[in-house]
Amino acid sequence: MPDIDIDFCMNRRGEVIEYVTNKYGRENVAQIITFGTMAAKAAIKDVGRAMDMPYSDVDRIAKMVPTTLNIKLDDALKESVAMQEVYEKDPQVKQLLDTARKLEGMVRNSGVHAAGVVISPRPLIELVPLHKTKNDEIVTAFDMVAIEKMGLLKMDFLGLTTLTILDDTLKLLAQKGKQVVLDEIPLEDSGDLTRRFFTRG
């Protein structure tokens, strides 16, 4: 099935989810779960807490991890000379980092996908396990990758700040007695047309 992305004003995204839920049935529509995994620094901090190490020591070691996006602890040990030195000299730090390396990448928590909604022709309970969040929302217990592999329709209802700003701007202009229809502003406008609406007075 295609992955369909549609942008909406952030303030009204909830209305769209409510609409598809009413249209296709509560049992056929759900948001999608996401899993947060332990990154390098988070793994160090969690293990340090479990080992009852002083926070300042753990934080100092975590700050030795290079700022490279999605870096693994194995790579951090190769790239950071300071981390390599403390790893070799301090047995407690060695234990900390070795344990963190085993936990790195494991699921730490779950959440709700920022935009993903799955719509099914049959009740979802017949197709996928469901999960209730702490806010009593029903979400799929499979993430978006598994949902796509199952052939279910995943739609991303994205809350776009730009559309919210445009909507707020139109409302402010209307309060000043200036009516603007966005579709009537040509995309090639050099600014002369829009400037009329933003002049003071």
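Secondary structure assignment for the chain yields 9 helices and 6 strands. When its C-alpha atoms are laid out on the principal axes, the chain stretches across 70 × 55 × 30 Å. Scored against the burial criterion, the 201 residues of the chain give a buried share of 32%. For the chain, the proportion of contacts with a sequence separation of at least 24, taken over those separated by at least 6, is 68%. If you sum the accessible surface of the chain, you get close to 13,100 Å²; carbon and sulfur atoms cover 54% of it. Placing the 27 positive and 31 negative side-chain charges of the chain at their respective mean positions leaves the two points 3 Å apart.

Attention now moves to the nonpolar core. Counting residues in hydrophobic clusters, the biggest one holds 22 residues, and the most contacted among them are Ile 44, Ile 61, Val 65, Met 83 and Leu 97. Within the residue set of this core, elements represented by two or more residues are α2 (40-50), α3 (55-62), α4 (73-79), α5 (81-89) and α6 (91-103). Contacts of Met 83, omitting those with residues within four sequence positions, involve Ile 44, Ile 61, Met 64, Val 65, Ala 76, Leu 77 and Leu 97. Val 29, Ile 119, Leu 153 and Met 155 belong to the second-largest nonpolar core, a separate cluster that totals 9 residues.

Right, let's get into the packing of α2 against α3. Running from N to C, α2 and α3 cross one another at 160°; their axes reach a closest spacing of 9 Å. Between α2 and α3, the angle falls in the class roughly antiparallel. For the pair α2 and α3, the sense of crossing is right-handed. In this structure, α2 uses Lys 41, Ile 44, Lys 45 and Gly 48 to contact α3, whose residues at the interface are Tyr 55, Val 58, Asp 59, Ile 61 and Ala 62. In the contact of α2 with α3, the residues fall into 5 nonpolar, 1 polar and 3 charged.

It is worth spelling out unusual backbone geometry at this point. Most peptide bonds are trans, and most residues other than glycine sit at a negative phi. A positive phi angle is found at Asp 52, which is not glycine, with a value near 60°. Within the fold, Asp 52 resides in the loop between α2 and α3. Positive phi values are uncommon outside glycine, yet Asn 70 reaches one of about 55°. Relative to the elements of secondary structure, Asn 70 occurs in the loop between α3 and α4.

The strand order β1-β6-β3-β2-β5-β4 describes an open sheet built from 6 strands, whose pairing is mixed. Looking at strand neighbours, the two that pair on one side only are β1 (3-9) and β4 (130-132), the edges of this open sheet. Averaged over all pairs of adjacent strands, the angle between their axes in this sheet comes to 50°, without regard to strand direction. Pairing of strand β2 (residues 29-37) with strand β5 (residues 138-140) involves 2 bridges; the strand directions are parallel. Bridged to Ile 32 within β5 is Thr 140. Here helix α8 (residues 161-175) sits on the sheet and contacts β1 and β6 (153-160); the angle it forms with β6, its principal contact strand, is near 50°.

The rules behind these values
Residues numbered from 1 in each chain as written. Predicted model: local features only at pLDDT ≥ 70, side-chain atom pairs only at ≥ 80, totals over all residues. Heavy atoms only, no water. Helix = DSSP H or I, 4+ residues; strand = E, 2+ residues; numbered from the N terminus. Buried < 20%, exposed > 50% of the residue type's maximum accessible area, 1.4 Å probe, protein only. Contact = heavy atoms within 4.5 Å. Areas by Shrake-Rupley, 256 points an atom, 1.4 Å probe, with all protein chains shown as cover. Lys, Arg positive; Asp, Glu negative; His and termini not counted. Charge placed at Lys NZ, Arg CZ, Asp CG, Glu CD. Core = buried A, V, L, I, M, F, W, Y, C linked by side-chain atoms within 4.5 Å. Axes fitted to C-alpha atoms, helices over the stretch in contact; angles between N-to-C directions. Parallel < 35°, antiparallel > 145°, perpendicular 65-115°, else oblique. Left-handed = near helix turned anticlockwise from the far one by under 90°. Nonpolar A, V, L, I, M, F, W, Y, C, P; charged D, E, K, R; others polar. Pairing = 2+ DSSP bridges.

As far as function goes, none of this settles anything; it's purely spatial.
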